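# Observations on the three-dimensional arrangement
These are the residues of each chain, in order.
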Amino acid sequence: MSSDPVDFKPFVQASESPKEFTLTPILVGTLLGIVFGASSVYLVLKVGMTVSASIPVAVLSITVFKALSKAFKLRTSTILENNIAQTAGSAGESIAFAVGLVMPALLVLGFDIDVIRVMTVGVLGGLLGILMMIPLRRAFVVKKHGELKYPEGTACAEVLVAGENGGSTARMLFLGFGMAFVYQWLMKACKLWKEEAEHALYDPKTGEGFNGASVGSEMNPSLLGVGYIIGPRIASIMVAGGVLAYLVFVPTIKYFGADLDKPVAPAISKLDDKGVDIGLIKNMSEGQVRNWYILYIGAGAVAAGGIISMIKALPVIFGSVVAGFRDMRSGAGGASAGGNRTDRDLPMSVVLFGSLGLILALAIAPSMGLGFNVTGFAGAFLILLFGFLFVTVSSRLTGEIGSSSNPISGMTVATLLLTCLFLLLLNGFGVIELGKGTKLLALTIAGVVCVACSNGGTTSQALKTGHLVGGTPLYQQYAILIGSLTSAVAIGFVLLLLNQAGTVYTKKGLPDVTVDVTKLTATDRVRTGQYADDPTEYRVLVIGKREKPDPALFVGGPAVVANMTPGRFLVAADGKIAYRCDPAVNGDLKEQDNGEKVENKFDAPKTELIALIIDGILDRNLPWNLVILGVLIAVTLELAGVPSLPFAVGVYLPLSASVPVFLGGMVRWAADKSRRRKDEGDSSPGVLLGSGYIAGAAIAQVIVAFLEFSPSILKSMNFAESMKNVTVRGEPWNESNLPSIVTFGALAVVLFVVGTERLGRKTNGATANSASG
């Protein structure tokens, strides 16, 4: 294909009109978008990154259409129908990343993570990103053909052409999906082996070893696949952050705090059930040291890494904005409903009034923080300003460097910083008052802009694929609007489901206060876990992590506020707190009151950062010394020529979450060495198998999370009790690390063998090497 926009000829000529926008590709693409969107939500909560779904969706859609054709003796799908399917399906991953990045911060800020809020931001932000990108299509996709490469979009077009010409592309993807699904199901639902292999480096009974240090690995196929796809360099940098945090910082803090008899800020004195002050460093577990100190260091490093990646991209960003407006002014942008089939876009009137309508809908939507007032109009202005700016930036950066290096999280951090500073300015002039509602407004603006710029980049990538294969832009725009709408709705439910399934309800350590229940409106009940048989409807009280409780909510006023701790609480009719609800996302409880382990927990590495920025700027209340320490770590790495953002994510995540990513990267390194080639590239069976691992394990996890609401079903599949009598090297089977290591090692061996391309003829597959954000 020619790189000259004038000489370019697509695979399907504009004069041809094969079937394209039909019901089957819309349904298949939408369903696959929901599947990959659900798996991406799980992944972004787990490790703060996702993997591009457009190529796996294209591979699967081709396979599904061929299977339907053979089974029901139907006509085979056209390449343009396959293109519509991948377009509709690609929206799920981008929306999932943005929603999973921003919306769980509601919990930290003191709001409930209800499905209406999540869906509203996901739907409106996703649609807004598409509409704002449409005027840029001619400027970036058509006029800049040959200059803006759109690597994932080009690779996806190659997959579609290969499918049209014949060849198998889905075998390894299905193999990886099946293996990972079965593995995750046997581990999560059947409890046949431990989910994490771990070994403490310190024995508290003898005092021997390295106090505060331990090593371990989550046995998660998704993380193994992520590591393989992002490659050995980024995987190694990420685990290095974990080594610094948990094998250097935590032992150092434990060493210097061993003889201290007072808590070191930001930790506070707190007695456990045995009367031990767990606010003292010497009494803290590794997890408590992480919660009080390491998280702030990690958040500072992640913030700095995101901002630095944004600053490094400023020349390209500035050029993108200038070039975009110049091209639109000269007639290269815009939208047309006439002309050739391959030139038709949604009319500009639809784009303009649709964008304004979405902003209006956001203002009308309840509990989103805007409304028809000065604050709401300011928020709407910021959404339009930052939305169009960063959709333009995201669309062009995607064309230049691909989704893998597109700093979506950096743009979100920049939006949040500028929004909070703007709100502070308005407060300084007496225009608005700062409060909890202002925090919700800032989060809403950042969430909508984050979803918009993420989906805008995905839209440009899909339109590039369509440009190469000869698709009709208008039909693709319809398809991705439909895909975004359905995926955003589904993602809202998945996020709520994953959080509820891992929520721990505890009666231990409850604040000794009496709440004025007449001032609480929301109600809820115990939904999972040990106390799930309690049918009582309670009032809900939510206090943000760094929020100062309102004395008016308590009987006794300011005198009792000191007894109140942050969290989400279920309050009985008499005003007494019955339960604390520790969420799955960024929660701190790892077991029920009866000692039963809870595994469905997510550290959501960038969620705490979002809340940290909002609280830090609007409340001016942060442990800045720890945050600045993280910032300086990121700066030091950049001065040494090391990318700071993956290192910072490693600092924030538990070491056990970074280790399987590192192992996946090492498998990729070994496979590349065995083939005597430096890199597989995007078209490889190994990368397809890794993508299958990610999707299969994540979908199994989502299904198991759903079954948490039916404990009897899960209990019937649980083999943990029957395996207690089986021993491995003197340990019970389900307490030994060995079964976990062997089974997980088998997945790694298969990935290595496939990556070396020694299983016969190479599969003509492809996937995108993409870690969003």
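The structure presented is a predicted model; accordingly, all values stated were derived computationally and were not measured.

This next bit is on the overall build of the protein. Within the protein, the secondary structure is distributed over 25 helices and nine strands. Sorting the 773 residues of the protein into buried and exposed places 59% on the buried side. A separation of at least 24 residues holds for 80% of the contacts in the protein among residues at least 6 apart in sequence. Accessible surface, the protein as shown: approximately 29,800 Å² in total, 63% of it carbon and sulfur.

Let us now look at the pairing of strand β1 (residues 196-203). The pairing of β1 with strand β2 (residues 208-218) spans seven bridges and is antiparallel. When the sheet's bridge partners are listed, Y202 is paired in β2 with G209. A loop of four residues connects β1 with β2, the two strands running antiparallel in sequence, and G207 in this loop sits at a positive phi of about 75°.

Here the focus is helix α13 (residues 348-364). In a regular helix each residue adds 1.5 Å, so 17 residues correspond to 24 Å; α13 covers 24 Å between its end C-alpha atoms and thus fits that length. Of all the residues in α13, the buried ones are V351, S355, L358, I359, L362 and A363. Summarising the axial view, the buried residues of α13 lie within an arc of 145°, below the 170-degree limit, and thus occupy one face. Of the exposed residues in α13, the ones pointing more than 90 degrees away from its buried face are F353 and I364.

Within the secondary structure layout, E218 lies in strand β2. Under the relative-accessibility criterion, E218 is labelled buried at 12%. Not counting chain neighbours up to four residues away, the residues in contact with E218 comprise K46, E195, E196, L223, S656, A657, P660 and F744.

Attention shifts here to the packing of aromatic side chains. Under the criterion given, the structure shown has twelve aromatic pairs. Considering the side-chain rings of F21 and Y475, the 5.5 Å spacing of their centres and the 20° angle between planes classify their relative orientation as stacked. Taken as a pair, F21 in the segment before α1 (23-47) and Y475 in helix α17 (residues 473-501) lie far apart in primary sequence, 454 residues in all. Assessed through its relative accessible area of 32%, F21 is described here as partly exposed. Assessed through its relative accessible area of 26%, Y475 is described here as partly exposed.

Attention now goes to the pattern of salt bridges. Tallied over the entire structure, the rule returns 20 salt bridges. Note that E195 is salt-bridged to K188, the shortest N-O span being 2.8 Å. The two residues E195 and K188 agree in class, both being buried. For K601, the salt bridge identified is with D582, shortest N-O distance 2.7 Å. Taken together, the residues span a long stretch of sequence, with K601 in the loop between β7 (577-582) and α19 (607-618) and D582 in strand β7 at a distance of 19 residues.

The strand order β3-β7-β6-β5-β4 describes an open sheet built from five strands, whose pairing is antiparallel. In the strand order of this sheet, the two ends are held by β3 (504-506) and β4 (523-524), each with one partner. Pairing between β4 and strand β5 (residues 538-543): two bridges, direction antiparallel. Its bridge partner being in β5, T523 is matched across the sheet by R539.

Given 3.6 residues per helical turn, the α-helix brings residues three or four places apart onto the same face. With 34 residues, helix α16 (residues 436-469) should reach 50 Å at 1.5 Å per residue; the first-to-last C-alpha distance of 50 Å fits that figure. Within α16, 32 of the 34 residues are buried, which leaves it mostly tucked inside the rest of the structure.

Backbone torsion omega between A265 and P266 reads 10°, so that peptide bond is classified as cis. One non-glycine residue, K73, lies in positive phi territory at about 50°. Among the secondary structure elements, K73 is positioned in the loop between α2 (54-72) and α3 (79-102).

By the criterion of burial, β7 is predominantly enclosed, with six of the six residues buried. Across three bridges, β3 lies against β7 in antiparallel orientation. Note that in β7 the partner of V504 across the bridge is D582. In the sheet, strand β6 (residues 567-571) pairs with β7 via four bridges, with the strands oriented antiparallel. Note that in β7 the partner of V571 across the bridge is I577.

Our next topic: the nonpolar core. Counting 110 residues, the largest nonpolar core has L45, L498 and I614 as its most contacted members. One finds F65, V159, C190 and L192 within the second-largest nonpolar core, a separate group that totals 62 residues.

All right, on to a nonpolar patch on the surface then. Judged by side-chain polarity, L360, I364, F372 and F377 come together as a nonpolar surface patch covering roughly 450 Å² of accessible area. Relative to the elements of secondary structure, L360 occurs in helix α13.

Relative to the elements of secondary structure, N455 occurs in helix α16. Residue classification places N455 among the buried positions, given a relative accessible area of 0%. Residues contacting N455, with those up to four places away along its chain left out, are A91, S94, I95, G126, I130 and S484.

Our focus in this paragraph is the confidence of the model for the protein. Chain-level statistics for the protein give a pLDDT mean of 82 and a share of 88% at 70 or above. For the protein, helix α12 (residues 314-329) is the element with the lowest average pLDDT, namely 59, and β7 is the one with the highest, namely 95. This stretch, residues 331-337, has a pLDDT under 50; its non-local contacts, to residues over four places away or in other chains, come to 26 contacts. Scored below 50 in pLDDT, residues 760-773 makes 66 contacts in the model with residues more than four places away or belonging to other chains.

Running from N to C, helix α5 (residues 115-133) and α16 cross one another at 45°; their axes reach a closest spacing of 7 Å. The angle between α5 and α16 falls in the class oblique. The two elements α5 and α16 meet at a crossing, and its hand is right-handed. Across the interface between the two elements, R117, V121, G122, G125, G126, L128, G129, I130 and M133 of α5 pack against L440, G447, V448, V451, A452, N455, G456, T459, S460 and L463 of α16. Class assignment of the residues belonging to the contact of α5 with α16 gives a composition of nine nonpolar, nine polar and one charged.

Let us now look at the environment of L247. Here L247 shows up in helix α10 (residues 232-256). For L247 and F210, which are 37 residues apart along the polypeptide, the C-alpha to C-alpha distance reads 8.9 Å. Sequence-distant contacts of L247, defined by excluding residues within four places in its chain, comprise L201, F210, A213, S214, V215, G242 and L655.

Turning next to the packing of helix α8 (residues 171-188) against helix α25 (residues 737-755). Packing of α8 against α25 leaves a shortest axis separation of 12 Å and a crossing angle of 175°. One element, α8, and the other, α25, form an angle in the roughly antiparallel class. Counting all contacts with α8, which are made through M172, M179 and Y183, the residues of α25 involved are S740, T743, F744, L747, V750 and V754.

The next subject is the environment of K508. Relative to the helices and strands, K508 resides in the loop between β3 and β4. For K508, a relative accessible area of 41% puts it in the partly exposed group. Here D593 takes part through its backbone oxygen, which lies 3.4 Å from a polar atom of the side chain of K508.

Reading guide: rules and limits
The residue count restarts for each chain, going from 1 along the sequence in the order it is written. Side-chain atom pairs in this predicted model are given and counted only at pLDDT of 80 or more, local residue features only at pLDDT of at least 70, and totals for whole chains, interfaces and linings cover all residues. Side-chain measures were taken over the full set of non-hydrogen atoms in the model, leaving aside hydrogen atoms and water. The numbering of helices and of strands both runs from the N terminus, where a helix is a DSSP run of H or I of at least 4 residues and a strand a run of E of at least 2. Each residue is placed in one exposure class: buried if its accessible area under a 1.4 Å probe, protein chains only, is under 20% of its type's maximum, exposed if it is over 50%, and partly exposed if it falls in between. The contact rule is simple, with two residues in contact once any of their heavy atoms fall within 4.5 Å. Only the protein chains shown count as cover for residues, and all accessible areas are computed by the Shrake-Rupley method using a 1.4 Å probe. A strand pair is defined by DSSP finding two or more bridges across the two strands. Expected helix span is given by 1.5 Å per residue-to-residue step, counting one fewer step than there are residues. To obtain the arc, one takes the directions from the helix axis to the C-beta atoms. Ring pairs are drawn from Phe, Tyr and Trp, using the six-membered ring of Trp, whenever the two centres fall within 6.5 Å, and their geometry is named by plane angle: stacked under 30 degrees, edge-to-face over 60, tilted for the rest. Within this document, salt bridges are pairs made up of a side-chain nitrogen of Lys or Arg and a carboxyl oxygen of Asp or Glu, the two lying within 4 Å of each other. We define the nonpolar core as a collection of buried residues of types Ala, Val, Leu, Ile, Met, Phe, Trp, Tyr and Cys that are connected through side-chain atoms lying within 4.5 Å of one another. To count toward a patch, a residue needs a relative accessible area over 30% and no salt bridge; like charges are then connected within 9 Å, while nonpolar side chains (Val, Leu, Ile, Met, Phe, Trp, Tyr) are connected within 5 Å. The pLDDT value expresses, per residue, how confident the predictor is, ranging between 0 and 100. Every angle, taken between N-to-C directions, lies between 0 and 180 degrees, and every axis is a line fitted to C-alpha atoms, over only the stretch in contact when it is a helix. Note that the term roughly parallel is reserved for angles under 35 degrees, roughly antiparallel for angles over 145, roughly perpendicular for angles of 65 to 115, and oblique for everything else. In this scheme the handedness of a crossing depends on how the near helix is turned from the far one: anticlockwise by less than a right angle means left-handed, clockwise means right-handed. Residues are grouped as follows: nonpolar covers Ala, Val, Leu, Ile, Met, Phe, Trp, Tyr, Cys and Pro; charged covers Asp, Glu, Lys and Arg; every other residue, Gly included, is treated as polar. We define a polar contact as two N or O atoms separated by no more than 3.5 Å, with the added condition that, inside protein, one atom must be a possible hydrogen donor and the other a possible acceptor, whereas residues neighbouring each other in sequence contribute only through side-chain atom pairs.

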